[in-house]
Amino acid sequence: MGPGLYSEIGRKARDLLYKDYLTDQKFTVTTYTSNGVAITASGTKKNEFIFGEIQSQLKNKNISVDVKANSDSNLLTTVTVDELATPGLKTIFSFVVPDQRSGKVELQYLHDYAGVNAGIGLTANPIVNLSGVVGTRGLSVGADVSFDTASGNFTKYNAGLSVINADLIAALTLNNKGDSLSASYYHLVNPLWNTAVGAEITHSFSSNENTLTFGTQHALDPLTLVKARFNNYGKASALIQHEWRLKSFLTISGEVDTKAIEKSSKVGLSLVLKP
């Protein structure tokens with residue numbers, strides 16, 4: 001129950017406001033072979049384009065191998081080793097074929113009072129990524145940086161603060177090399193019905209613009225969830241998600257621009273099937 005990784009800062013609010021909202025059509029089906037290999041096939045239709053992907057995953061004790069191929073003729077392989085040498089340490093090795101510069105090694109370490117993620121590209125002049133969080137589950141601070149050894153410049157540096165209590169999560173992050181400041185909160189109003197509200201406000205120093213997004217969710221029954229969000233640019237979105245069988249979901253989502261009602265609204269559909 002430590003602070004987790006840097007990506008955990010503000011994640012609850014991001015999931016409430018952005019997760020599962022879509023404006024395209026996606027179909028995903030997963031099956032398992034007799035020896036435990038999980039095979040997942042998915043297809044996504046966006047505008048007039050169709051993107052396909054097939055993924056296989058094999059787990060053996062603390063080692064998992066994930067191979068993913070897509071319709072762009074790319075093959076992504078990821079090997080993950082949990083609890084390597086010491087508890088809390090995870091090693092991840094990944095590469096993409098045919099991209100010879102895509103190889104990467106990543107280390108993740110979780111402790112009761114810290115979370116560290118370090119990654120380096122397997123090239124002559126790699127990009128080095130390092131993020132870390134210190135604190136407790138209730139209060140933590142962290143930073144996320146990337147350094148390009150070829151140019152000698154930092155390509156990314158972000159910082160964040162997270163405060164968590166029983167039903168409220170607040171986060172403050174500085175992103176885009178200090179150009180944008182975001183504040184978010186997530187409040188679980190009713191755990192029984194999974195009712196929650198959240199908001200995020202982002203200020204861009206370069207453009208002096210603010211973006212405010214407000215959202216909410218509520219469970220109609222144990223298997224059906226509805227969500228809605230609205231931002232200060234007039235974009236309104238809503239979705240309904242139904243778990244019609246264990247781990248299998250049907251999601252219907254819609255988006256409309258309230259400042260241009262005459263334009264057609266966008267509708268998205270997602271179907272996930274698992275045995």
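Residues numbered from 1 in each chain as written. Predicted model: local features only at pLDDT ≥ 70, side-chain atom pairs only at ≥ 80, totals over all residues. Heavy atoms only, no water.

> What am I meant to see in the overall build of the protein chain here?
When you go through the protein chain residue by residue, the secondary structure sums to one helix and 19 strands. Over its C-alpha trace the protein chain gives a radius of gyration of 21 Å, about what one expects of a compact globule, namely 19 Å for 275 residues. Each of the three principal axes of the protein chain carries a C-alpha extent, and together these read 55 × 50 × 40 Å. Look at the contacts in the protein chain between residues 6 or more apart in sequence, and 27% of them connect residues 24 or more apart. Counting 25 positive and 24 negative side-chain charges, the protein chain places the averaged centre of each group 2 Å from the other. (Helix = DSSP H or I, 4+ residues; strand = E, 2+ residues; numbered from the N terminus. Rg over C-alpha atoms; globule rule 2.2 N^0.38 Å. Contact = heavy atoms within 4.5 Å. Lys, Arg positive; Asp, Glu negative; His and termini not counted. Charge placed at Lys NZ, Arg CZ, Asp CG, Glu CD.)

> Which parts of the structure should I look at to understand the packing of aromatic side chains?
Geometry of an aromatic ring pair is reported as the spacing of the ring centres plus the angle between the planes. A full pass over the atoms with the stated rule returns two aromatic pairs. Between Phe-93 and Phe-95, the ring centres sit 5.6 Å apart and the planes meet at 45°, which makes this aromatic pair tilted. Residue Phe-95 is classed as partly exposed on the basis of its relative accessible area of 29%. The ring of Tyr-21 carries Arg-229 above its face, with NZ or CZ at 4.1 Å from the centroid. (Phe/Tyr/Trp six-rings, centres within 6.5 Å; stacked < 30°, edge-to-face > 60°. Buried < 20%, exposed > 50% of the residue type's maximum accessible area, 1.4 Å probe, protein only. Lys NZ or Arg CZ within 6 Å of the ring centre and 35° of its normal.)

> I keep staring at helix H1 (residues 11-18) and nothing clicks. Help me out?
At 3.6 residues per turn, the α-helix brings residues three or four places apart onto the same side. For H1, the full list of buried residues reads Ala-13, Leu-16 and Leu-17. In an axial view of H1, the angular spread of the buried residues amounts to 90°, which keeps them on one side of the axis. Contacts from the buried residues of H1 go to strand S13 (180-190), strand S14 (195-204), strand S15 (209-221) and strand S16 (224-231). Looking one or two places after H1, you find Asp-20, whose phi comes out positive at around 75°. (Arc of directions from axis to C-beta.)

> Can you walk me through a positive patch on the surface in this structure?
The grouping of Lys-46, Lys-235, Lys-263 and Lys-266 at the surface amounts to a positive patch. Locating Lys-263 in the fold gives a position in the loop between strand S18 (248-257) and strand S19 (266-273). The exposed category is assigned to Lys-263, whose relative accessible area is 56%. (Patch = residues over 30% accessible without salt bridge, like charges linked within 9 Å, V, L, I, M, F, W, Y side chains within 5 Å. Areas by Shrake-Rupley, 256 points an atom, 1.4 Å probe, with all protein chains shown as cover. Salt bridge = Lys/Arg side-chain N within 4 Å of Asp/Glu carboxyl O.)

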